[in-house]
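Listed here are the chains, written in short residue letters.
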Amino acid sequence: MLRLPGLLILTAALWPTAPALAQPDIARATERCEQEVAETVRRMRGSAAKEVQFLASRRVLTPQADDETAIRGEGRYRSAGGASVGFTYGCAYRAADDSTSGVVFRETGGQRAAAEKPFDPDLTNVSPQACESAAAAALKKLHPRVGRINFGSDSRRVQPGENDRIALIGAGSVERAPGMNLIPFSYRCEVDPRSGRVVNVSTKE
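Residues numbered from 1 in each chain as written. Predicted model: local features only at pLDDT ≥ 70, side-chain atom pairs only at ≥ 80, totals over all residues. Heavy atoms only, no water.

A. Structural detail: the nonpolar core. Core analysis: the biggest nonpolar cluster contains 15 residues, and Val 41, Ile 71, Tyr 77 and Phe 87 have the highest contact counts within it. Where this core is concerned, the elements lending two or more residues are α2 (26-45), β3 (68-78) and β4 (84-94). Setting aside its immediate chain neighbours within four residues, Val 41 contacts Gly 46, Ala 49, Val 52, Tyr 77, Phe 87 and Phe 105. Judged by nonpolar contacts, the second largest core, of 12 residues, contains Val 126, Ala 135, Val 174 and Phe 185. (Core = buried A, V, L, I, M, F, W, Y, C linked by side-chain atoms within 4.5 Å. Buried < 20%, exposed > 50% of the residue type's maximum accessible area, 1.4 Å probe, protein only. Helix = DSSP H or I, 4+ residues; strand = E, 2+ residues; numbered from the N terminus. Contact = heavy atoms within 4.5 Å.)

Written as structure tokens, this is what we have:
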């Protein structure tokens, strides 16, 4: 009986120990994740995203199963207008093959809305009548026997267009042929603000 404790001690000493779990390379995991997030931001925002930065104080790394590390945090980028736009991000890093997955990027809406400058276009050369004439011409091509075309001046709106153009949108009603009922339609024109030329027009009934 007195030898039992010694036996127990010997048995414990000979028992194989479990291998220690490999510690993730935090610097490498962070570098790979934020590299993928930055590429995602540039891919989604194009030339509007400049100087993508990450806030080290907001970064959190959490070990996961299967040798993965979850990384989440916050960052910001400078928009084309010079404003700072904040965002949150997350991804998973796998040390075994130095890969990332599950990359997510979400702008903080309130910050983005406050950061962007208000749309204040120069309408000196922009004519709503030119846009409506182009929309009427497009409708006549669709309906050669068109009767009346009415435009609602109270429906006109101005929005940012592509390539620094101005978009004019509005609504009206069209009589596809004499005697037919009037049906509503909407229209959209892309206008070059420098020349006032209607670059593109589309209608939808």
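B. A look at α2. For α2, built from 20 residues, the straight-helix expectation of 28 Å at 1.5 Å per residue is met to within 8% by its first-to-last C-alpha distance of 28 Å. Of the residues making up α2, those classed as buried are Ala 29, Thr 30, Arg 32, Cys 33, Glu 34, Val 37, Ala 38, Thr 40 and Val 41. The N-cap residue of α2 is Asp 25: its side-chain oxygen and the backbone nitrogen of Ala 27 are 3.3 Å apart. In the segment just after α2, Gly 46 is the residue with positive phi, at about 60°. (Expected span 1.5 Å × (residues − 1). Polar contact = N/O pair within 3.5 Å; in protein donor to acceptor, adjacent residues only side chain to side chain.)

C. Geometry of the pairing of strand β7 (residues 157-160). Note that β7 and strand β8 (residues 166-174) share four bridges and pair antiparallel. Paired with Val 158 across the bridge in β8 is Leu 168. Following β7, the chain reverses through five residues before pairing antiparallel with β8; Asn 163 in that reversal takes a positive phi of roughly 55°. (Pairing = 2+ DSSP bridges.)

D. Expanded view of the state of the cysteines. Within the structure shown, the criterion is met by two disulfides. Covalent S-S linkage joins Cys 33 and Cys 91, the inter-sulfur distance amounting to 2.0 Å. In this pair, Cys 33 is assigned in helix α2 and Cys 91 in strand β4, connecting sequence segments 58 residues apart. Side by side, Cys 33 and Cys 91 carry an identical accessibility label, which is buried. What pairs with Cys 131 in a disulfide is Cys 189, and their sulfur atoms sit 2.1 Å apart. (Disulfide = S-S within 2.5 Å.)

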